[in-house]
Number of protein chains: 2
Amino acid sequence: MKRIFIQEVVARDGLQNENQFIPTDQKIALINQLSDAGVDKVEVTSFVSPKAIPNLSDAEEVMKKITRKPNVTYSALVPNLRGVERAMKCAVDELNLLVSVSETHNLKNVRRTTDQTFDSFKEIMDFLANEDIQLNGSLGTSFGCPFEGDIPEDKVLRLIDNYLELGISGITLADTTGMATPAQVYQLSTNVLNHWPDLPLTLHFHNTRGMGLANVHEAIRAGVTRFDASLGGLGGCPFAPGASGNICTEDLVHMLAFMGYEMNTDLDQLIGAANYLQSLLTHEVPGQIIKAGKITDLHSASQV
Amino acid sequence: MKRIFIQEVVARDGLQNENQFIPTDQKIALINQLSDAGVDKVEVTSFVSPKAIPNLSDAEEVMKKITRKPNVTYSALVPNLRGVERAMKCAVDELNLLVSVSETHNLKNVRRTTDQTFDSFKEIMDFLANEDIQLNGSLGTSFGCPFEGDIPEDKVLRLIDNYLELGISGITLADTTGMATPAQVYQLSTNVLNHWPDLPLTLHFHNTRGMGLANVHEAIRAGVTRFDASLGGLGGCPFAPGASGNICTEDLVHMLAFMGYEMNTDLDQLIGAANYLQSLLTHEVPGQIIKAGKITDLHSASQV
């Protein structure tokens, strides 16, 4: 069976959406547990303005104090050149850039058109010209926009091309508000991999409308092997209060493990980390496996 | 695209698991809304001992007072001959029999071996010899047992054969405690439809471990067109407190509608019924769509 790569985004995408600041030491402990569990990549934080996202105001401290494992890539989201400068002082392995495919969503998010955003990426690439750093380009709202609705596939392909022309090696297609259907995922993934068969392509799904794991399954059928996921299923979107967030890492790894996929991630350690995460929060996480147990967790017939 | 048949089990599988008795008039109103929304089948109730399941003690009254639509099949679960006698006095369209593929689960559930259960089905069939009634045979724990673990496919096939030899027309494979993986669903569904290409086969999934809609998607790829689902995602299993229950009807219909499948069910009316159901309960239902909205429910960029 195929090797699948598990990329953890809870420390950034998950925690930035919480209504409480998770103390820095607890963030570090959480990330270290994820490293120990053998995830392939951790998005550690975002080097964004602390005023914009107070939950991630400890970006430098977290990035510097985590214990790094050799087989794990430690990534950080960088919204602009200021963020890149901050991240480079912390020796991150990978910088993750983000633009929305939807003009309206991008304008709301960063008050720039997508073309203006790519102009700013050009400045970042110039700044990094002599640096040995891995770069990933993310495309938000790749499967639909909560303002514009449908997103033309052609625009997704054109923005991938823009990223690749800048010299960026990996691409992430993000379903920012959980609008992707399995059929759409299969079609867009197939289309992208037909254009760029060797592209390290990540899909980033939300489970907002319950389709998260179905979307993963269809993406794998189309040839995708890299998935972002958030421990406990944290994350979410302001338009869907109470709905599920990002796809849940332990639920994802559970499904894939019992389908025979090869991963570097240990499910039991991941469940341990998810229970630790739950202990830090005042609400129930959306993930199912820490409530239901693994399908191999059998019960005694005499106990019921 | 294929026509998919939506079969509602909330009034039986959902409500029997609730910690409150839903008043009879509200059950009837709920079922009438489901009929109006155009589901293909409603499992209205179970003619089980009121002592065993007090929540369904009003089986006769509900069955007799609902408004019947010509294109909807009104079904009832019958655990034994006594239940069949009660159901036949209420003019149900279909009787649904149930046996677990797992011996241990069946013993726990009805204190009989599967062979003994099929002996009792033979008595039921003799009793019904001159009646014009549709019969469905359900196989619980078809994809795994919380006591025994793996369930051999051969045993599932043998019990389907047992049902068909009795003269039962439709078969339901139930994933009683949410243990099925998409790969397993594809394999077993393909196997069953290879043996009996014209069998009206229903799959009954739970979303206990988050794989519910992924399992539906794989079942459809294998040729299955009939699915049980529970409004709001009610239902559940005693081994997974706090986890999701049956797959959620409005989430299922939402996914399939936006993938272009043909159904008789109106998504907006179904969402209306789900909101009504939510108003009857004291806890939040697991379904996502009534929280997140449809993927076509767009937002104004100026409001955010």
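Being a predicted model, the structure only gives us computed values, none of them experimental.

So, how was this worked out
Residues numbered from 1 in each chain as written. Chains lettered and ligands numbered in written order. Predicted model: local features only at pLDDT ≥ 70, side-chain atom pairs only at ≥ 80, totals over all residues. Heavy atoms only, no water. Salt bridge = Lys/Arg side-chain N within 4 Å of Asp/Glu carboxyl O. Helix = DSSP H or I, 4+ residues; strand = E, 2+ residues; numbered from the N terminus. Buried < 20%, exposed > 50% of the residue type's maximum accessible area, 1.4 Å probe, protein only. Pairing = 2+ DSSP bridges. Axes fitted to C-alpha atoms, helices over the stretch in contact; angles between N-to-C directions. Parallel < 35°, antiparallel > 145°, perpendicular 65-115°, else oblique. Left-handed = near helix turned anticlockwise from the far one by under 90°. Contact = heavy atoms within 4.5 Å. Nonpolar A, V, L, I, M, F, W, Y, C, P; charged D, E, K, R; others polar. Polar contact = N/O pair within 3.5 Å; in protein donor to acceptor, adjacent residues only side chain to side chain. Least-squares fit on C-alpha atoms with pLDDT ≥ 70 in both. Right-handed = clockwise from strand over helix to strand, strands pointing away. Expected span 1.5 Å × (residues − 1). Arc of directions from axis to C-beta. Buried area = accessible area lost by both parts, 1.4 Å probe.

A. The arrangement of the pattern of salt bridges in detail. Residues and elements named next belong to chain A. Summed over all chains, the structure comprises 30 salt bridges over all chains. Among the ionic pairs, Asp40 bridges to Arg3, the shortest N-O distance being 2.8 Å. Residue Asp40 is found in the loop between helix 2 (24–36) and strand 2 (41–46), and its partner Arg3 is found in the segment before strand 1 (5–8); the two are separated by 37 residues along the sequence. Accessibility expressed as a relative area gives 24% for Arg3, which makes it partly exposed. The closest approach of N and O atoms between Glu85 and Arg82, which form a salt bridge, is 3.9 Å. Here the residue Glu85 and the residue Arg82 both occupy positions in helix 4 (residues 81–88), the gap between them amounting to three residues, near one helical turn. Residue Glu85 is classed as partly exposed on the basis of its relative accessible area, which comes to 29%. Through salt bridges with shared partners, a single ionic network connects Arg12, Asp13 and Glu43.

B. Seen up close, the pairing of strand 2 of chain A. All names here are of chain A. Here strand 2 lies mainly inside the structure; six of its six residues are buried. Here strand 2 pairs with strand 3 (residues 73–77) via five bridges, running parallel. The partner of Val42 across the bridge, within strand 3, is Tyr74.

C. Looking closely at the packing of helix 10 (residues 249–258) of chain A against helix 11 (residues 267–280) of chain A. All names here are of chain A. Relative to each other, helix 10 and helix 11 sit at 165°, their axes nearing to 9 Å. Between helix 10 and helix 11, the crossing angle belongs to the class labelled roughly antiparallel. When you trace helix 10 past helix 11, the crossing you get is left-handed. Contact residues: Thr249, Glu250, Val253, His254 and Phe258 in helix 10; Leu267, Leu270, Ile271 and Ala274 in helix 11. Considered class by class, the residues forming the contact of helix 10 with helix 11 number six nonpolar, two polar and one charged.

D. Inspection of the side chain of A:Thr202 at higher detail. All names here are of chain A. Locating Thr202 in the fold gives a position in strand 7 (residues 201–204). Among the residues examined, Thr202 registers a relative accessible area of 2% and is labelled buried. Polar contacts involving the side chain of Thr202 include one to the side chain of Gln7, which spans 3.1 Å. Residues in contact with Thr202, not counting those within four places in the same chain, are Gln7, Ile171, Thr172, Leu173, Arg226, Phe227 and Asp228.

E. Representation of the relation of the copies chain A and chain B in the model. Superposing chain A onto chain B takes a rotation of 180° plus a shift of 0.0 Å along the axis, which leaves an RMSD of 0.0 Å. Such a combination of turn and shift is consistent with a two-fold rotation axis. Every residue of chain A has its C-alpha some distance from the rotation axis, and the shortest such distance is that of A:Ala214, at 1.9 Å. Comparing contact sets, 98% of the residues at the interface of chain A also lie at the interface in chain B, consistent with an isologous, same-surface contact.

F. Broad picture of the pairing of strand 5 (residues 134–140) of chain B. Residues and elements named next belong to chain B. Here strand 5 lies mainly inside the structure; six of its seven residues are buried. As defined by bridge partners, strand 4 (residues 94–100) adjoins strand 5 across seven bridges and the pair is classed as parallel. Bridge pairing links Ser100 to Gly140 in strand 5. In the sheet, strand 5 pairs with strand 6 (residues 170–174) via four bridges, with the strands oriented parallel. Pairing of Leu139 across the sheet is with Leu173, part of strand 6. At this point the chain moves from strand 5, through helix 7 (residues 153–166), to the parallel strand 6, and the crossover so formed is right-handed.

G. Quick peek at helix 11 (residues 267–280) of chain B. Residues and elements named next belong to chain B. An ideal rise of 1.5 Å per residue puts 20 Å on 14 residues; helix 11 measures up with 20 Å between its terminal C-alpha atoms. By the burial criterion, the buried members of helix 11 are Leu267, Leu270, Ile271, Ala273, Ala274, Leu277, Gln278 and Leu280. Each buried residue of helix 11 sits inside an arc of 165° when the element is viewed along its axis, so together they form one side. Along its buried surface, helix 11 packs onto helix 1 (10–14), helix 2 (24–36), helix 10 (249–258) and helix 12 (289–292). The N-cap residue of helix 11 is Asp266: its side-chain oxygen and the backbone nitrogen of Asp268 are 3.2 Å apart.

H. Seen up close, the interface of chain A and chain B. At the junction of the two partners, chain A supplies 45 residues and chain B supplies 45 residues. Summed over both sides, the interface between chain A and chain B buries roughly 3600 Å², with carbon and sulfur atoms accounting for 65% of that surface. The three residues of chain A that bury the most area against chain B are A:Arg209, A:Ile295 and A:His299, which together make up 18% of that side's buried surface. Remark: the boundary between chain A and chain B carries zero salt bridges. Remark: the boundary between chain A and chain B carries 12 residue pairs in polar contact (both at pLDDT 80 or more). Ranked by residue count, the leading element in the side of chain A that touches chain B is helix 9 (residues 212–221) of chain A, at five residues. Its residues assigned to classes, the side of chain A that touches chain B comprises 22 nonpolar, 15 polar and eight charged.

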